[in-house]
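What follows is the residue order along each chain.
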Amino acid sequence: MNTAVAAPETDPLLASVPPAIQLKGISKAFGPVQANKNISISVKPGTIHGIIGENGAGKSTLMSILYGFYKADSGQIFINGKETQIPDSQAAIKAGIGMVFQHFKLVQNFTVLENVILGAEDGPLLRPSLNKARGVLKQLAEEYELNVDPDAIIENLSVGHQQRVEILKALYRQADILILDEPTGVLTPAEADHLFRILDNLRKEGKTIILITHKLREIMDATDTVSVMRRGEMTATVKTAETSPERLAEMMVGRKVLLQVDKKPAEPGKPVLEVENLRLTDEKGVERLKGISLNVLAGEILGIAGVAGNGQSELLEVLGGYANATGTIRVNGQEIDLTGKHSDGQSRRARGIAHVPEDRHREGLIMPFTAWENTVFGYHRDPKIQSGMLMDNAAIKAEAAAKMERFDVRPPNPKLAARNFSGGNQQKIVLAREIERNPDILLVGQPTRGVDIGAIEFIHQQIIRLRDEGKAILLVSVELDEIFSLSDRIAVMFDGQIMGERIPSETNEKELGLLMAGITDTAHAKMPASPMAMSEEEVQEAAEIEADAQAESELTPEVPQDAEAPSETEVKLTTTDAGAEVAPVEAQVDETAPDIRTDAAPDISADDETKTEAPAAADIASPTMPHEEPMTFSTDPVDVETPPAKTEAISLGSLSATLTQSTPERPKSPDTKSDPIKDPEEGGKDG
Amino acid sequence: MDKMPGWADAVLVPLISLLLAAILSALVIIGIGEDPVAAFKLMVDGALMRSSGWGYTLYYATNFIFTGLAVAVAFHARLFNIGGEGQAMIGGLGVALACLYIPWPNWYVALLGATVSAALFGAMWALIPAYLQAKRGSHIVITTIMFNFIAAAVLNYILVNILRPQGAMDPATARFPEAAQLPTFQDMFSTAETAMFRGAPANVTFFLAVFMCLAVWVLIWRTKLGYEIRSFGQSESAAKYAGISPIKITVVAMLISGGLAGMMALNTTMGEAERLVMNATEGAGFIGIAVALMGRSHPLGVLLAALLFGFLYQGGAELALWTNIPRELIVVIQALVILFTGALDNMVRMPLEKLFLAARRKA
Amino acid sequence: MDFATLLQVLDSTVRLATPLLLACLAGLFSERAGIFDIGLEGKMLAAAFFSAAIAAITGDVWMGLGAGILASLALSVLHGLASITFRGNQLISGVAINFLAAGLTVLIAQDWFSQGGRTPSLIGAGRFEPIILPGAAEFAGVPLIGPIYAELISGHSILVYVAFAMVPLTWWLLYRTRFGLRLRAVGEAPEAVDTAGVSVVGLRFVAVGICGILCGVAGAYLATALQAGFVKDMTAGRGFIALAALIFAKWRPWYALYACLLFGLLQAVALRYQNIDLGAFVVPVQFMDALPYILTVVILAGFVGKAIPPRAGGEPYVKER
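The structure presented is a predicted model; accordingly, all values stated were derived computationally and were not measured. (Residues numbered from 1 in each chain as written. Chains lettered and ligands numbered in written order. Predicted model: local features only at pLDDT ≥ 70, side-chain atom pairs only at ≥ 80, totals over all residues.)

Undergrad: Honestly, the overall build of chain C in this entry has me stumped. Any pointers?
TA: Helices and strands together make up the secondary structure of chain C, namely 13 helices and 2 strands. Compactness check: chain C gives a C-alpha radius of gyration of 20 Å against a globular reference of 20 Å for 321 residues, within 12% of the reference. With respect to the three principal axes, the spread of C-alpha positions in chain C is 65 × 50 × 40 Å. Summarising the internal contacts of chain C: among those between residues at least 6 apart in sequence, 76% fall at separations of at least 24. (Helix = DSSP H or I, 4+ residues; strand = E, 2+ residues; numbered from the N terminus. Rg over C-alpha atoms; globule rule 2.2 N^0.38 Å. Contact = placed C-beta atoms within 7 Å.)

See the structure below:
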């Protein structure tokens, strides 16, 4: 919440109540790694407490200790003032703690109801428990906007709905304390908004919520107090109202942040990669790519921005040769095969396409292999490294040592297994392998995800260097600031489509945010004049429709809809950005306007002028917008005071607009009750 | 860093597992009222102290090298080929057909031809489970188990109804012609004065088996295909990224595995029985699992483990001959080895890892 | 084939299907909880030996049954230790258990009885006797229904009735009770069970334990009811046929009954007729032997419906955030 809300801590009544959760001196080590060091924290009841930190800062470990998943090496836990032992999840549940994990813990082929009662059944027989749960769920749905069809099978639900089931599970167990671990990572902006509305409702009912995230925006929008974690230590706990994103970011990383990549202006040449009307339907029948067309010129970086899961991964997979699609791809003017024998990673590499995949653990490297073996992974059929029928291992080793030297991989030991390198050094191995093949095209996915700070700069430099050598680079990243600092052109993907292309210097994060939420240019030209035209319910409903529509496109086709989304909808959304000035709808405004900056409540009409207003690109890549864990830093601590006035926050999905949205395909009837997948033994006897 | 140095993983863990299996086996021997030390002495005596004992030990080891390599190659592609037994049976059919129906000029040409035939038949028997795993996701463990039984039925039918010579009672083929009979160690190493390996079934296929160890080592660690097999075995998603076809690797790895298992039949059928009998494999296909596990899927490890099991088999036979301990003792030992080196690997590994971690912290 | 022959074949089907059914349901409990078990064969074999041995020694078949169950349970605990506690490979553990049972039974049989790996033949109270259901004799004269009741339904040992009663009981347990919900959940998503505050290890051990008990009954049936004593390797692949039936049944109790009856029928026919002359061609007995396995492969291949095993099956559970 922003400053408009009175912080509960100031309430003298609440101050006398013992903290809902108090941790004292919690420490936990995994082998040689100290995940939590002497952590103490205190959370007042009825508040939302944020815990922020980079990936690997120890947030999740701490919460897993609180939920009895891990046992702390030392320290005490107090729940409502009473010291409590939490050896397992059972004890945590008994203490009134519920947890929504980042990766949901649901039984995929069970119904919602069965998932909810699992472990909280009332007796040895199922029927009474199921009947009771049905009633409770109905009540909870009304109370907290937690609508889910109790008889739906989990695997047919959207991610957003699955998350609601997780929350329902906790509430059904009468949790007073709810921990959410990175809850918005897999959600669309609208789904995330809905989630934060639910959380606010829960807080109003007196529940205590711990929100773990690495997204500053969420902390600023939703929490009352915030704790910052860094390398296993709790570095600060402050009232959200009394801090700023800049301060938090600083505390998170331990030094002042600046996103700045030095690069010359691009000198683009002829198109190297041309993609036309690329379409991909996955095995579930969901269309993941809906006619992608783009081209990448020699000597430029095309950045693909977008919320994770909108088809970027599939695009990389198709270009990289390991997903089948229809359409046309031309490399240097020559068409390449998209299906059949000549459509695999090998043939793509032969055509000069190198690929730094999004996930180096799953794809880019074979973790138990040595570094030298990994330096030829994907190129192992190259005749240059064969001697006769055998692979020329001596030559590969020598070359690997040289590559590791050039890419500053530490330790520079080619015989070490890949899993023994740090994230940044692993990524450098992948990068060295792909870049040193001197490709015409480099596909790069999430180049700095899970990469240590020092390596980020190096990796960015390498990508720029390759660009300056006249190569075509396609960069996919969910980090907007990375996109901004590296790209020469930016294309935004949403729901398997390119929503638009922008030049970094002529756009800003707000405009990209709109595109990432699926709001096209034509739509926001038709902006309604009055931002407050809709009632609270209407806003919610509209958001709900959007959420459901997006949710469908996100994951599963068979979503039971609480609201029917027509195939071509003109949905009116009310602007809430300006709401901070409007007292009566304050609460609503707070949830739906996740604007980081509390003092600036820009009028929505400013959107029309974003292009003219936009400051220079370097400034746009604002330091106030740290996203996922990786960040780019200037090692120079002097040049830090970037004026916050030049930054624009994105408030995805909650902006006022009349949006033209095509609803994603729904291959199956949303009626889950007649779902054929449902276990036939469920109702009666089988066979 | 890795929790343990490489040598501990490759040598120490299997050795401790083996020790545990040995201790339990000794307890079993005590349990049935025999003296384990005396029993062990008898085994060593019978299996290693005379050249004929060695002849048997190496004969059994030959079987286990082939089946062990078969399981090991599949393991590298993260496939559990439990069907070595069936593949070896069908491989035996290949040997028999080649030996009976092709007029070979001499034994080494015959061996060459029979090797190809055995490998082909074994590979073909592995093809269907491999294809079903690759294309339809049918669990290869279950399908290969089923194919063992189907192989037994097929072989039974063919021996009884087709290949059995007229008038013969037992389900077996006719004896192979002279030119298709392999020289035994006795033929090869005996001089006029001293007979070596007298009566022992060890034969020239042992050298083929050792050669296959080398060949498998080269294949796995020195060729593109081996690189791809290992990559696929470690990470299917990464293999796809690199343009390695999961279907191709699954099928090819299983074909090689089946071929190796099939080649086992050379030893039993061509080298020893000189005709195809019903139960020629004698469970060697399953012992291959123990051998591959103990040998950590490395050809050298497989060779050593196969020698150990060869010793156990010959020693076990000696025990059954001279004491009241039945041959099934070896089956128990084999079970314990599989249990400790395979299923209970973590039980041995976890305390060791802790030990090494503690030692490193002190250092 | 006349009616009497048909009845005989069906009667033999019921008797041959019983051990398959018990072992199949045993596997169902284990695999539904996410623990693959290819050691059904070994557990049955161990149970068969110990039940026959103890029944021979004590002269009391119930003591034998108890001993058989205990022996099978012990192997189950070993399997649980390897695959649940030490997170080892469940398939390898199963293979080891099969060999362990195959070796130990003969070893101990030789030590105890010195009859070349057999137990003495069981007589009198050392065996499960057929139970004549009330009215069987009286109704035998009634056409059609009479003989069916008297020959087919009546006159089996108590374990046959236990096995058939286990089918609805298993169904009810699985789909109508808290235990069943948790059992199915732990085989699909152990992390869900764990975070719901229920012990994954505990549940899986219970499931493996039930599997052991049922395998114990199956083995005891083989040695003390179907036959009169233990002989080396007497299970003769029944554990694997049960496994095949389990896949054929797609891990469901009622289908398991049908699959086991089908495979039992195949065995009964193969026992009675060596080769079946169908006029145009002769079906060899070996084909009948192999048919259960062939059918299972066909099912596994997904050409006739897809057999989807429990999702967490075969994977040891490791806590993950």
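Read on for the rest.
Undergrad: Would you take a moment to explain the interface of chain B and chain C for this structure?
TA: Quite often, the size of an interface is put as the accessible area lost when its parts meet. With 37 residues of chain B at the contact, the number on the chain C side is 37 residues. Taken together, the elements giving at least two residues each to the side of chain B that touches chain C come down to α5 (107-136), α6 (140-163), α12 (284-294), α14 (328-343) and α15 (345-362) of chain B. When grouped by side-chain class, the residues that make up the side of chain B that touches chain C number 25 nonpolar, 9 polar and 3 charged. (Nonpolar A, V, L, I, M, F, W, Y, C, P; charged D, E, K, R; others polar.)

Undergrad: How should I be thinking about the UniProt feature "transmembrane region" (unreviewed entry) in chain C in this particular structure?
TA: Residue and element names in this part refer to chain C. The UniProt feature table records "transmembrane region" (unreviewed entry) at residues 12-30, 42-59, 91-109, 158-175, 196-223, 255-273 and 285-304. Structurally, residues 12-30 comprises 100% helix and 0% strand, and the distance from its first C-alpha atom to its last is 28 Å. The annotated region residues 196-223 carries 86% helix and 0% strand content, and the separation between its end C-alpha atoms amounts to 43 Å. (UniProt positions renumbered as here; feature names shortened; annotations may be inferred.)

Undergrad: Help me out: how do you make sense of unusual backbone geometry in this one?
TA: Where the residue is not glycine, phi is negative for most of them; where a peptide bond is considered, it is trans in most cases. In this structure, A:P411 follows A:R410 across a cis peptide bond, with omega equal to -5°. Topologically, A:P411 is positioned in the loop between α14 (393-406) and α15 (423-435). You will see that C:S114, though not glycine, has its phi angle at about 50°, which is positive. Within the secondary structure, C:S114 sits in the loop between α4 (90-113) and α5 (136-139). Taking the number of C-beta atoms within 10 Å as the measure of exposure, C:S114 has 10 and is therefore exposed. (Buried ≥ 20, exposed ≤ 12 C-beta atoms within 10 Å, placed from the backbone.)

Undergrad: What should I look at first to understand the environment of C:I54 in this one?
TA: Residues and elements named next belong to chain C. Summarising the element assignment, I54 is placed in helix α2 (residues 40-58). The spacing of I54 and T119 is 65 residues in sequence and 9.5 Å in space, taken between C-alpha atoms. In contact with I54, not counting residues within four places along its chain, are M63, G64 and A67.

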